[in-house]
Amino acid sequence: IAFKYTSTTSSAGTWEIKNFRITGYGEKGINGLTWEDFANGNFDEWNAEGTKPTGWQEDTSNGNATLARSEDSHSQSYSVQIYGVPLGERRMAYQPLYFTPGTYTCSFYAKAATDQGAKVQVGYWPQSATVTIYDQDATGATKRTELNNNEWELITYTFTIQETELVNLIVAVPTGSKGKDVLVDDFSITKAE
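Okay, so let's go over this structure. Being a predicted model, the structure only gives us computed values, none of them experimental.

**Overview of the side chain of lysine 180**
Among the secondary structure elements, lysine 180 is positioned in the loop between strand E10 (165-173) and strand E11 (182-191). Among buried Asp, Glu, Lys and Arg side chains, lysine 180 stands out as unpaired, with aspartate 181 the closest opposite charge at 8.5 Å. Excluding residues within four positions of it along the chain, lysine 180 makes contact with Gly84, Gln116, Gly117, Ala118 and Val173.

Dropping the structure here:
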């Protein structure tokens, strides 16, 4: 976008611009990706170093967890292991996606990585906010699912976007879970018609 001022030796008028603005994210969002571009929910594609699955942990301010590829998978070849820490929450985040107004459902399978059990929570981080909006129980507290390492558990989270927004999808090992690692696989997202 440019404003070009031209003049000649015989004429050099003046003009001004006032209240110029650009609104919206455009057709494909800031990074060119919409929620429909979500990929690698089966965690079978990884970077060359094998330290993060493609599309995940691109934004380290929202995704602060250490990840590893695991052959203990719900389906296909791999799952992702999210390492917990004794104190503090660790989040795995998908790169920002452009969401239009509507109701969305995220689903994935999770289980504890060890026989000590673990907890997991799910949510999303709107780029316009300063906190993750987590799935909540009936009392309004963040819902934390208890996991064992014997079976994969289906986790489902439905949320509504009111205005066009860039969003990171988040899976977290919460504070208070004693830092137990979690395996995640077969992540998907759908939009209600």
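**Some details on the nonpolar core**
Ranked by size, the top nonpolar core spans 35 residues in total, and within it Phe99, Phe159 and Leu169 carry the most contacts. Among the secondary structure elements, those contributing two or more residues to this core are strand E2 (79-82), strand E4 (97-99), strand E5 (102-112), strand E6 (118-126), strand E9 (153-161), E10 and E11. With five residues, the top contributor of residues to this core is E5. Beyond its immediate chain neighbours, meaning those up to four positions away, leucine 169 contacts Phe38, Trp56, Met92, Ala93, Tyr94, Phe99, Cys106, Gly123, Tyr124, Phe159, Phe187 and Ile189. In this structure, Ala93, Trp125, Tyr134 and Ala172 belong to the second largest nonpolar core, which totals five residues.

**Focus on the side chain of aspartate 181**
As for its position among the elements, aspartate 181 is in the loop between E10 and E11. Polar contacts involving the side chain of aspartate 181 include one to the main-chain amide nitrogen of glycine 84, which spans 2.9 Å. Those residues in contact with aspartate 181 that lie beyond four places of it in its chain are Gln81, Ile82, Tyr83, Gly84, Ala112, Ala113 and Ala118.

**What about the sheet that holds E5?**
If you walk across this open sheet you meet the five strands as E1-E2-E11-E5-E9, and the pairing is antiparallel. The open sheet has two edge strands with one neighbour each: strand E1 (67-70) and E9. Sheet twist, expressed as the mean angle between neighbouring strand axes with direction ignored, is 35°. Where E5 lies against E11, eight bridges are found, and the strand directions are antiparallel. Of the residues in E11, the one forming a bridge with alanine 112 is valine 182.

**Describing the pairing of E6**
Most of E6 sits out of view: eight of its nine residues are buried. Bridge analysis of E6 against strand E8 (residues 145-147) gives three bridges, and the strand direction is antiparallel. Bridged to alanine 118 within E8 is leucine 147. Sheet topology note: the E6/E10 ladder contains six bridges and is antiparallel. Looking across to E10, one finds that glutamine 121 is bridged to alanine 172. Inspection of the sheet shows E6 paired to strand E7 (residues 133-134) by two bridges, in the antiparallel sense. For glycine 123, the partnering residue across the bridge sits in E7 and is tyrosine 134. Between E6 and E7, which follow one another and run antiparallel, lie six residues.

Reading the values: the criteria
- Residues numbered from 1 in each chain as written.
- Predicted model: local features only at pLDDT ≥ 70, side-chain atom pairs only at ≥ 80, totals over all residues.
- Heavy atoms only, no water.
- Helix = DSSP H or I, 4+ residues; strand = E, 2+ residues; numbered from the N terminus.
- Buried < 20%, exposed > 50% of the residue type's maximum accessible area, 1.4 Å probe, protein only.
- Lys, Arg positive; Asp, Glu negative; His and termini not counted.
- Salt bridge = Lys/Arg side-chain N within 4 Å of Asp/Glu carboxyl O.
- Contact = heavy atoms within 4.5 Å.
- Core = buried A, V, L, I, M, F, W, Y, C linked by side-chain atoms within 4.5 Å.
- Polar contact = N/O pair within 3.5 Å; in protein donor to acceptor, adjacent residues only side chain to side chain.
- Pairing = 2+ DSSP bridges.
- Axes fitted to C-alpha atoms, helices over the stretch in contact; angles between N-to-C directions.

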